[in-house]
Amino acid sequence: MSTENTQKLTDAFVEALQIKPEQVTDDLEYNSIKEWDSVAHMTLVAALEEQFDIMLDTDDIIDMSSVAKAKEILAKYDVSF
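Residues numbered from 1 in each chain as written. Predicted model: local features only at pLDDT ≥ 70, side-chain atom pairs only at ≥ 80, totals over all residues. Heavy atoms only, no water.

**Examining unusual backbone geometry**
Then comes step 1: A positive phi angle is found at asparagine 31, which is not glycine, with a value near 65°.
Then comes step 2: Relative to the elements of secondary structure, asparagine 31 occurs in the loop between helix H1 (3-17) and helix H2 (38-52).
Then comes step 3: A positive phi angle is found at aspartate 78, which is not glycine, with a value near 65°.
Then comes step 4: Looking at where aspartate 78 falls in the secondary structure, it is placed in the segment after helix H4 (67-75).
Then comes step 5: For aspartate 78, a relative accessible area of 72% translates into the label exposed. (Helix = DSSP H or I, 4+ residues; strand = E, 2+ residues; numbered from the N terminus. Buried < 20%, exposed > 50% of the residue type's maximum accessible area, 1.4 Å probe, protein only.)

**Digging into the nonpolar core**
Then comes step 1: Ranked by size, the top nonpolar core spans 25 residues in total, and within it Leu9, Phe13, Leu44 and Leu48 carry the most contacts.
Then comes step 2: Elements represented by at least two residues in this core include exactly H1, H2 and H4.
Then comes step 3: With six residues, the single largest contributor to this core is H2.
Then comes step 4: In this structure, leucine 44 is in contact with Ala12, Phe13, Ala16, Trp36 and Met64, ignoring residues within four places of it in sequence. (Core = buried A, V, L, I, M, F, W, Y, C linked by side-chain atoms within 4.5 Å. Contact = heavy atoms within 4.5 Å.)

**Re the packing of aromatic side chains**
Then comes step 1: In the structure shown here, the tally under the stated rule is three aromatic pairs.
Then comes step 2: Ring geometry for tyrosine 30 against tryptophan 36: centres 5.9 Å apart, planes inclined by 80°, an arrangement best described as edge-to-face.
Then comes step 3: The buried category is assigned to tryptophan 36, whose relative accessible area is 0%.
Then comes step 4: These aromatic residues form a ring-pair network of at least three members: Phe13, Tyr30 and Trp36. (Phe/Tyr/Trp six-rings, centres within 6.5 Å; stacked < 30°, edge-to-face > 60°.)

**Considerations on H1**
A turn of α-helix holds 3.6 residues, and therefore any two residues three or four places apart point the same way.
Then comes step 1: Helix length check: H1, at 15 residues, gives a terminal C-alpha distance of 21 Å against a target of 21 Å (1.5 Å per residue), a fit within 8%.
Then comes step 2: All of the buried residues along H1 are Asn5, Leu9, Thr10, Ala12, Phe13, Ala16 and Leu17. Take H1 and look down its axis: the buried residues cluster within an arc of 155°, on one side only. Opposite the buried face of H1, at more than 90 degrees from it, the exposed residues are Thr3 and Glu4.
Then comes step 3: A positive backbone phi angle near 55° is found at glutamine 18, which sits one or two residues after H1. (Expected span 1.5 Å × (residues − 1). Arc of directions from axis to C-beta.)

Written out as structure tokens, the structure is:
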């Protein structure tokens, strides 16, 4: 488990969604809070790509429906948590 990667993930969500770090839990889902709408989703994708120096494919962007799912998707890009 990488504490550094967990922090990067949290930072990306906090920055993109303008939420508090303690709100970034595996249970946090797309559209479950007003801050995580379609526009913020694209900002989040850009933030994750920048934090982890990766390029997410379209299917991964569409499938990213929660923090837990984001971790699962990032694992495909050799990012461990």
